[in-house]
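Structure assessment
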Amino acid sequence: MKVTVVGAGNVGATCADVLATREIANEIVLVDIKEGFAEGKALDIWQKAPIIGYDSRTVGVTSDYARTADSDVVVITSGLPRKPGMTRDDLISTNAGIVKSVTEQVVKYSPNAIIIIVSNPLDVMTYQAHLTSGLPRNKVFGMAGILDTARYRAFLAEALNVSPKDIQAVLMGGHGDTMVPLPRYTTVGGIPVTELIGKEELDAIVARTTNGGGELVKLMGTSAWYAPGAAAAQMVEAIVRDQRRVFPVCIKLEGEYGIDGVYLGAPVILGKNGIEKVIELQLNDEEKALLETSRGHVKEVMDALDNMSKASA
Ligand SMILES: NC(=O)C1=CN([C@@H]2O[C@H](COP(=O)(O)OP(=O)(O)OC[C@H]3O[C@@H](n4cnc5c(N)ncnc54)[C@H](O)[C@@H]3O)[C@@H](O)[C@H]2O)C=CC1
Ligand SMILES: O=C([O-])CC(=O)C(=O)O
């Protein structure tokens, strides 16, 4: 299996490192626009192989997409991260151009690849990649839900003093302030979380999760990368190993949840064809209202992208 990761910065290099360390693909190509940067990161990861003990090969290139040809999966992380005081949406004008030009090169050399978008604003950059690639929705989708639920699971594990492995959770909606955590679907070793934690503490954890990216931006001056890179690698693994994992993923909804043509997080089955199935939960009225708010917000940003594209045409 051949996997390309575009953007050799914090998230892209971490993703490539997890892919190599866990031998998820035997060939991993890292691409960046900055001269020599991807080459250096790939070489460093390859030099870690004898120490940790893996044989996945990492190769770095500067904008040489011919070297990415016939990739099975491509992860796009290229683009600016936000700084304190910014929202993810503030990145739209710069990152839309980057995601567009990168996607053009990716599909030119790997027309059959499955594309996973990571660049922000996530839902709208996934829309951009879909517009540029012309790929069906099962082959171009975004990473956010695994990260958002991982944060939520980590906070809960700390509060309950249990292993994060035993916390199962799903969330929906856009990757931003309007994300829709679903505590009703959270279990701890099969036990509904509401039996183990009080409402006030759970509400505080949900609120911290919603602001999970912002908390790290404030602490570090740039956004997170260890968990995001690992989350993207976990999606690649589900695809290349045809695991049929159930994850929340950003996908174009086509009638599910009564929503058509908007990119939002929803639970799916992820396997060798990319998105194998969108799972429809029976949301209650409160959850439906939160999802509607999220839909409205993401649609506004999608419309802003359409207007930007018209203005520059
Ligand atoms: N979906 C999610 O949950 C998350 C998304 N992100 C987003 O991922 C993106 C990357 O974040 P970081 O890795 O921290 O940023 P970074 O600045 O460390 O790395 C970005 C890399 O993209 C490269 N790049 C820029 N234009 C390019 C082009 N045209 N072709 C190839 N490479 C290009 C840059 O040279 C840089 O090395 C940001 O947009 C960030 O907001 C970050 C964390 C989580
Ligand atoms: O917060 C950011 O800008 C990066 C991101 O999407 C996250 O870490 O959730």
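Let me begin by describing the structure that accompanies this report.

Thresholds applied
Residues numbered from 1 in each chain as written. Chains lettered and ligands numbered in written order. Predicted model: local features only at pLDDT ≥ 70, side-chain atom pairs only at ≥ 80, totals over all residues. Heavy atoms only, no water. Near = heavy atom within 4 Å. Polar contact = N/O pair within 3.5 Å; in protein donor to acceptor, adjacent residues only side chain to side chain. Areas by Shrake-Rupley, 256 points an atom, 1.4 Å probe, with all protein chains shown as cover. 1 Å grid on protein atoms, 1.4 Å probe; cavity = no way out; pocket = protein on both sides within 12 Å on 5 of 7 lines; lining within 4 Å. Sits in = over half its atoms within 2 Å of the grid points. Helix = DSSP H or I, 4+ residues; strand = E, 2+ residues; numbered from the N terminus. Nonpolar A, V, L, I, M, F, W, Y, C, P; charged D, E, K, R; others polar. Phe/Tyr/Trp six-rings, centres within 6.5 Å; stacked < 30°, edge-to-face > 60°. Buried < 20%, exposed > 50% of the residue type's maximum accessible area, 1.4 Å probe, protein only.

Some details on the site of ligand 1
Near ligand 1, the surroundings consist of 28 residues, among which Asn10, Val11, Asp32, Leu80 and Met143 are the closest. The separation between an oxygen atom of ligand 1 and a polar main-chain atom of Leu80 is 2.7 Å. At 3.1 Å from an oxygen atom of ligand 1 is found a side-chain nitrogen or oxygen belonging to His175. If ligand 1 stood free it would expose 870 Å²; the protein chains cover 89% of that surface. When atoms are counted within 2 Å of each cavity's grid points, the one that captures over half of ligand 1 is the largest pocket. Mapped onto the shell around ligand 1, the elements with two or more residues apiece are helix H1 (10-21) and helix H3 (92-109). With three residues, H3 is the largest single contributor of residues to the shell around ligand 1. Per-class residue counts for the shell around ligand 1 are 15 nonpolar, eleven polar and two charged.

Comments concerning the site of ligand 2
Looking at ligand 2, the residues that line it are Arg82, Arg88, Asn120, Leu147, Arg151, His175, Gly213, Val217, Ser223 and Ala224. In this structure, Arg82 approaches ligand 2 through a side-chain N or O atom, which is 2.5 Å from an oxygen atom. A distance of 2.9 Å separates an oxygen atom of ligand 2 from a polar side-chain atom of Asn120. For ligand 2, whose unbound accessible area comes to 260 Å², protein coverage reaches 95%. Applying the majority rule of atoms within 2 Å of the grid points places ligand 2 in the largest pocket.

Some words on the packing of aromatic side chains
Enumeration according to the criterion identifies two aromatic pairs in this entry. Their ring planes at 45° and their centres at 5.7 Å tell us that Tyr127 and Tyr263 sit as a pair that is tilted. One end of the pair, Tyr127, is in helix H4 (residues 122-133); the other, Tyr263, is in strand S13 (residues 260-271), and 136 residues separate them in sequence. We note that Tyr127, like Tyr263, is buried.

Nothing here speaks to function; it is geometry throughout.
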